[in-house]
Amino acid sequence: MDLNRLTCIDLDLPAIEGFRKFISSWLYRGEGFSLLVDPGPLSTLPTLLAGLERQGVKRLDYVLLTHIHIDHAGGTGGLLRHYPEARVICHPEGIRHLAAPEKLWQGTRKVLGALAEAYGEILPVPEAQLGFAEQVGATGVRAFLTPGHAQHHCCYLLDDLLFAGEVAGVRSEVAEGIYMRPATPPRFIQAVALDSIERMLALAPRYLVFAHYGLVEGAVEHLRIGRDQLQLWVQGVARTWEAKQREEAFFAWLLEHDRHYRNIRQLPADILAREQVFLGNTLRGMSEFVENLAPEQRRELAEA
């Protein structure tokens, strides 16, 4: 892997607290092709286009979507107006939603509210330009279906670099150690998410790109942390199930038991505030999963 061919284009949203070093798009220019991973939301499209112009990109051959959530894929339709030759690769279950996104957009507005409006509308992608392929043309990229964070999640392997989306959760830079957390909005199924991580571990990549956020070496270590956190956090939800202030109790439990999440205290104040908001989203997915367990299963999990 020649990392000199890889460029991160930050898609910050300065109007929203903490939305810096969080959303990004990744450009890779190979021998005779160029591809872009996750173009981001529509509101950051001017930033993305300016970044591509600075890199001298006249043509995009492929746009790879790790999943169709608005902060990753919402700007795809707008991007194709500028790069109409590009073919979009996404999970097969995402194709119909991107071709006719009204239901996806309305559902996103219902869940995210004002944040959805800040991201911008989801524009349709021409169905003829949408598809899924395990081998992406002659690029050498291999695509993998990795449900967990979302049922329509994919990862992409190029040589020893894995574009991992949110399969292993979210990462932020800290001065000491590693900060990571799971990203498990409803509907979360633990066994499905763990299986996706295990299959990515079996690939043994060297480098990993977190959609949120950044390129890391030591991909296997980070995937293992993501796997272990999924198991630990579900146990923590079960152990704090009866707490009156469940989110506060769960947060305190994590600080005691998760040495990587504990590094949240190193984050700048605005990014810390953002992460505390998203903790609630992760907790909702896990709580729904734990709630659907039989009472005896929930007790066994809490007592493990």
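Keep in mind it's a predicted model, so treat the numbers as computed, not measured.

Caption draft 1: Layout of the sheet that holds strand 4 (residues 62-64). Strands sit in the order 1-2-3-4-5-6 across an open sheet of six strands; the sheet is mixed. A single partner strand is all that each edge strand has here, and the edge strands are strand 1 (6-10) and strand 6 (130-131). Where strand 4 lies against strand 5 (residues 87-89), three bridges are found, and the strand directions are parallel. Bridge pairing links Leu64 to Ile89 in strand 5. Running at roughly 150° to strand 1, helix 1 (residues 45-54) makes contact with strand 1, strand 2 (24-30) and strand 3 (33-37) of the sheet.

Caption draft 2: Quick peek at the sheet that holds strand 14 (residues 214-217). Strands sit in the order 7-8-9-10-13-14 across an open sheet of six strands; the sheet is mixed. Sheet topology places strand 7 (135-136) and strand 14 at the edges, where each strand pairs with a single neighbour. Pairing of strand 9 (residues 154-158) with strand 10 (residues 161-165) involves three bridges; the strand directions are antiparallel. Within the sheet, the bridge partner assigned to Leu158 lies in strand 10 and is Leu161.

Caption draft 3: Representation of the pattern of salt bridges within the structure. Within this structure, the stated rule accounts for 14 salt bridges. With its nearest N and O atoms 2.5 Å apart, the salt bridge here joins Arg5 to Glu31. Residue Arg5 is found in the segment before strand 1, and its partner Glu31 is found in the loop between strand 2 and strand 3; the two are separated by 26 residues along the sequence. Assessed through its relative accessible area of 26%, Arg5 is described here as partly exposed. A residue is classified by how much of its surface remains accessible, and Glu31, at 66% relative accessible area, is exposed. Linking Glu275 and Arg274 is a salt bridge whose minimum nitrogen-to-oxygen distance equals 3.2 Å. The class for Arg274 is buried, based on a relative accessible area of 3%. A network of salt bridges, in which partner residues are shared, links Asp2, Arg5 and Glu31.

Caption draft 4: Molecular detail of the packing of aromatic side chains. What the rule picks out here adds up to ten aromatic pairs. Taking 6.2 Å as the distance between ring centres and 35° as the angle between the ring planes, the aromatic pair formed by Tyr28 and Phe33 counts as tilted. Judged by centre distance (5.0 Å) and plane angle (85°), the ring pair of Trp233 and Tyr261 falls under edge-to-face. Taken together, the residues Trp233 in helix 8 (residues 219-239) and Tyr261 in the loop between helix 9 (246-257) and helix 10 (269-291) connect sequence positions 28 residues apart. On the basis of relative accessibility, which here comes to 0%, the residue Trp233 falls in the buried class.

Caption draft 5: Spotlight on helix 9. With twelve residues, helix 9 should reach 16 Å at 1.5 Å per residue; the first-to-last C-alpha distance of 16 Å fits that figure. If you check which residues of helix 9 are buried, you get Phe250, Trp253, Leu254 and Leu255. Looking at the buried side of helix 9, the elements it contacts are helix 8 and helix 10.

Caption draft 6: Structural detail: the UniProt feature "domain: Metallo-beta-lactamase" (unreviewed entry) in the chain. Here, UniProt's "domain: Metallo-beta-lactamase" (unreviewed entry) annotation points to residues 22-212. Strand forms 25% of residues 22-212 and helix 28%; the C-alpha atoms that close the span are 5 Å apart.

Caption draft 7: Inspection of the nonpolar core at higher detail. Formed by 44 residues in total, the largest nonpolar core has its most connected members in Leu162, Leu208, Leu223 and Tyr261. Among the secondary structure elements, those contributing two or more residues to this core are strand 9, strand 10, strand 12 (179-181), helix 7 (190-202), strand 13 (207-210), helix 8, helix 9 and helix 10. A total of eight residues in this core trace back to one element, the largest contributor, which is helix 8. Residues Leu45, Val57, Leu79 and Cys90 belong to the second largest nonpolar core, which totals 36 residues.

Caption draft 8: Seen up close, the side chain of Ser172. Note on placement: Ser172 falls in strand 11 (residues 170-172). Aside from chain neighbours lying at most four places away, what touches Ser172 is Tyr179, Leu267, Ile271 and Arg274.

Caption draft 9: Layout of helix 5 (residues 102-112). Among the residues of helix 5, those classed as buried are Leu104, Trp105 and Thr108. The buried residues of helix 5 occupy an angular sector of 95° when projected down its axis, which confines them to one face. In helix 5, the exposed residues that point more than 90 degrees away from the buried face are Lys103 and Lys110. Residues of helix 5 that are buried sit in contact with helix 2 (70-73), helix 4 (95-99) and helix 6 (114-119). The first or second residue beyond helix 5 is Gly113, which carries a positive phi of 60°.

Caption draft 10: Structural context of unusual backbone geometry. The peptide bond linking Pro186 to Arg187 adopts the cis configuration, its omega dihedral lying at 5°. Within the secondary structure, Arg187 is located in the loop between strand 12 and helix 7. A cis amide bond links His212 with the next residue in sequence, Tyr213, at an omega value of 5°. Position of Tyr213 among the secondary structure elements: in the loop between strand 13 and strand 14. Here Asp159, not a glycine, exhibits a phi torsion of approximately 55°, which is positive. Mapped onto the elements of the fold, Asp159 is located in the loop between strand 9 and strand 10.

Calculation rules
Residues numbered from 1 in each chain as written. Predicted model: local features only at pLDDT ≥ 70, side-chain atom pairs only at ≥ 80, totals over all residues. Heavy atoms only, no water. Pairing = 2+ DSSP bridges. Helix = DSSP H or I, 4+ residues; strand = E, 2+ residues; numbered from the N terminus. Contact = heavy atoms within 4.5 Å. Axes fitted to C-alpha atoms, helices over the stretch in contact; angles between N-to-C directions. Salt bridge = Lys/Arg side-chain N within 4 Å of Asp/Glu carboxyl O. Buried < 20%, exposed > 50% of the residue type's maximum accessible area, 1.4 Å probe, protein only. Phe/Tyr/Trp six-rings, centres within 6.5 Å; stacked < 30°, edge-to-face > 60°. Expected span 1.5 Å × (residues − 1). UniProt positions renumbered as here; feature names shortened; annotations may be inferred. Core = buried A, V, L, I, M, F, W, Y, C linked by side-chain atoms within 4.5 Å. Arc of directions from axis to C-beta.

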